[in-house]
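Structural characterization, general
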Amino acid sequence: MIYFIGAGPGAVNLITVKGKELLETADIIIYAGSLVNPKLLKYAKTGCVIMDSAKMTLEEVIAAMVPAAQQGKIVVRLHTGDPSLYGAYREQMDLLRSYDLEFDVIPGVSSFCAAAACLNTEYTLPNISQSVIITRMEGRTPVPSKQKISDYAAHNATMVIFLSSGMLDKLQKELIKGGYDPKTPAAIVYKATWPDEKVIRCTVDTLADSSAKHKITKTALIVVGNFLGNEYDRSELYNPAFTHGYREADHSKFNIRPEVK
Ligand code: SAH
């Protein structure tokens, strides 16, 4: 059996319980050494074969997985964050299917969730943003022509930009060209939940300067949008004046604003 497991954003205790339990049973662990915290490997049992996929090709990863799985061994493929985002695991699953091998996917805490936690913020605020756009700048990996940063920027929604911290000059120009006010709040979250985590708050027009000042060129997320500001409407779900399936409205308390101390 082969398990694709999300390792979480960095902190060792942010892997899921299921992910950790499977790591403990694995005969082979192939982990993405560029971003997965190697301290997670302490959960490997004695005799477990450990391989770092940072130096391997897709073909080499599959060549390591297939014979082991065919012999009934437990193979763990450990991806950073959640495998479903920029994890390149679809191509692995498709090749494993061609060998008639079974696999299962155990989700992980993506770095974009960790970044919101580091910022003590919520991506979706009533009347500010009800959508989160997860995207990246075009680099050596092309981006389809209708999915450019400037197209998305036009929505003024929350944006979380992966794999782009080395191109912030270009990124900030694209964001502004697309329609963000240059003074829209933004943040750079470097190595969220790792011991050397850094959180830098800035504005769209100071993204490049801020990253240069803090010498950040990789392992960072860029988040952009007015969700980083202080204006928003309170939720309807917890509004005393709002009736829903679990609670009747109390109209004597119509639309009060929560007290912020
Ligand atoms: N599957 C991963 C993303 C892999 S792509 C996930 O769900 O998080 C690698 C990119 O993710 C990095 O270039 C960086 O943009 C981002 N990233 C991964 N871990 C991060 C972390 N701990 N802090 C900030 N960004 C991170």
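Residues numbered from 1 in each chain as written. Predicted model: local features only at pLDDT ≥ 70, side-chain atom pairs only at ≥ 80, totals over all residues. Heavy atoms only, no water.

**Considerations on the site of the ligand**
Cut-off, in case you're wondering: Neighbouring residues are identified by heavy atoms, a residue being near a molecule or strand if any of them is within 4 Å of it. Each polar contact in these results corresponds to two N or O atoms within 3.5 Å; when the atoms are within protein, one needs to be able to donate a hydrogen and the other to accept it, and residues that are neighboring in sequence are counted only if both atoms are side-chain atoms. Only the protein chains shown count as cover for residues, and the accessible areas themselves come from Shrake-Rupley with a 1.4 Å probe. Residues are sorted three ways: Asp, Glu, Lys and Arg are charged, Ala, Val, Leu, Ile, Met, Phe, Trp, Tyr, Cys and Pro are nonpolar, and all the rest, Gly among them, are polar.
In the vicinity of the ligand, 18 residues are found, and the nearest of them are D82, L85, S110, S111 and A220. A distance of 3.0 Å separates an oxygen atom of the ligand from a polar backbone atom of L163. Protein chains bury 95% of the 540 Å² of accessible surface belonging to the ligand in isolation. Classifying every residue of the shell around the ligand by side-chain character gives eleven nonpolar, five polar and two charged.

**Describing the side chain of S110**
What counts, and what does not: Strands here are runs of E lasting at least two residues and helices are runs of H or I lasting at least four, both read from the DSSP assignment and numbered beginning at the N terminus. For each residue, the accessible area found with a 1.4 Å probe, counting protein chains only, is set against the maximum for its type, and the residue is called buried under 20%, exposed over 50%, and partly exposed in between. Any two residues whose heavy atoms approach within 4.5 Å are treated as being in contact.
In this structure, S110 sits in the loop between β5 (103-106) and α4 (111-118). Look at S110 and you get buried, because its relative accessible area is 4%. With residues near it in sequence (within four places) discarded, S110 still touches G81, D82, L85 and F162.

**Notes on the packing of aromatic side chains**
Formally: Note on aromatic contacts: the rings of Phe and Tyr and the six-membered ring of Trp form a pair at centre separations within 6.5 Å, being stacked when their planes are under 30 degrees apart, edge-to-face when over 60 apart, and tilted otherwise. Throughout this description, the term charge over a ring refers to an Arg CZ or Lys NZ atom that lies within 6 Å of the ring centre and within 35 degrees of the ring normal.
Scanning the model with the defined rule gives five aromatic pairs in all. Taken together, a centroid distance of 5.9 Å and an interplanar angle of 85° make the contact between F4 and F103 edge-to-face. Of this pair, F4 sits in strand β1 (residues 2-6) while F103 is found in strand β5, placing the two residues 99 residues apart along the sequence. Like F4, the residue F103 is buried in the burial classification. Joined through ring pairs, the aromatic side chains of F4, Y89 and F103 make up one cluster. In this arrangement the basic side chain of K191 is found over the ring face of W194, its NZ or CZ atom lying 4.3 Å from the centre. Seen from the ring of Y190, K198 lies directly overhead, with NZ or CZ sitting 5.7 Å from the centre.

Note that all results are geometric; they support no functional claim without further evidence.
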